[in-house]
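# Tertiary structure, described
One-letter residues, chain by chain:
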Amino acid sequence: MDWQGQKVAEQLMQIMLVVFAIGAFITGYFMGSFQLMLFIYAGGVVLTTLITIPNWPFFNRHPLQWLDPSEIEKHPKPQATGPISKKQPAKKQ
């Protein structure tokens, strides 16, 4: 799953859980059944899980382009020169 696919999965999960929570509450309220409300919400959680957790192909529409090993050898990683301190030395009075 690519980065944009993770964002889509997260947004889809949040929307689905809120919709099922509101639908379950309204149905449970009008039917007068707390048990029915819990079953509807639990079904929504299971459905949301089945849709958002697996790595479905529509979550991988923007795959990352990795460098080939030969390209890495052409562009070596810059070496650090050492720790640089940004603190000013204390002034003596």
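Shown above is the structure to which this text applies.
So, how was this worked out
Residues numbered from 1 in each chain as written. Predicted model: local features only at pLDDT ≥ 70, side-chain atom pairs only at ≥ 80, totals over all residues. Heavy atoms only, no water. Helix = DSSP H or I, 4+ residues; strand = E, 2+ residues; numbered from the N terminus. Buried < 20%, exposed > 50% of the residue type's maximum accessible area, 1.4 Å probe, protein only. Contact = heavy atoms within 4.5 Å. Areas by Shrake-Rupley, 256 points an atom, 1.4 Å probe, with all protein chains shown as cover. Axes fitted to C-alpha atoms, helices over the stretch in contact; angles between N-to-C directions. Parallel < 35°, antiparallel > 145°, perpendicular 65-115°, else oblique. Left-handed = near helix turned anticlockwise from the far one by under 90°. Lys, Arg positive; Asp, Glu negative; His and termini not counted. Salt bridge = Lys/Arg side-chain N within 4 Å of Asp/Glu carboxyl O. Polar contact = N/O pair within 3.5 Å; in protein donor to acceptor, adjacent residues only side chain to side chain.

Each helix and strand counted, the protein chain has three helices and zero strands in total. Taken from N to C terminus, the helices and strands of the protein chain fall in the order α-α-α. Expressed as a percentage of the 93 residues in the protein chain, the buried residues total 12%. Within the protein chain, residue pairs in contact and separated by at least 24 positions form 67% of the contacts whose partners lie at least 6 positions apart. Put simply, the protein chain shows about 8,600 Å² of open surface, and 66% of that area lies on carbon and sulfur atoms.

Before going further, it helps to examine the side chain of Thr52. Relative to the elements of secondary structure, Thr52 occurs in helix 2 (residues 34-52). Its relative accessible area of 10% is what places Thr52 among the buried residues.

We now examine the packing of helix 1 (residues 3-31) against helix 2. Between helix 1 and helix 2, the shortest axis-to-axis distance is 8 Å and the interhelical angle comes to 165 degrees. Looking at the two axes, helix 1 sits roughly antiparallel to helix 2. Crossing handedness for the pair helix 1 and helix 2: right-handed. Between helix 1 and helix 2, the residues in contact are Ala9, Leu12, Met13, Met16, Leu17, Phe20, Ala21, Ala24, Phe25, Thr27, Gly28 and Met31 and Leu36, Met37, Ile40, Tyr41, Gly44, Val45, Leu47, Thr48, Ile51 and Thr52, respectively.

The next thing to look at is the side chain of Asp2. Structurally, the position occupied by Asp2 is in the segment before helix 1. Although buried, Asp2 forms no salt bridge, and the nearest oppositely charged side chain, Arg61, lies 8.2 Å from it. There is a polar contact of 3.2 Å between the side chain of Asp2 and the backbone nitrogen of Gln4. The contacts of Asp2, once residues within four sequence positions are left out, are Phe59, Asn60, Arg61, His62 and Pro63.

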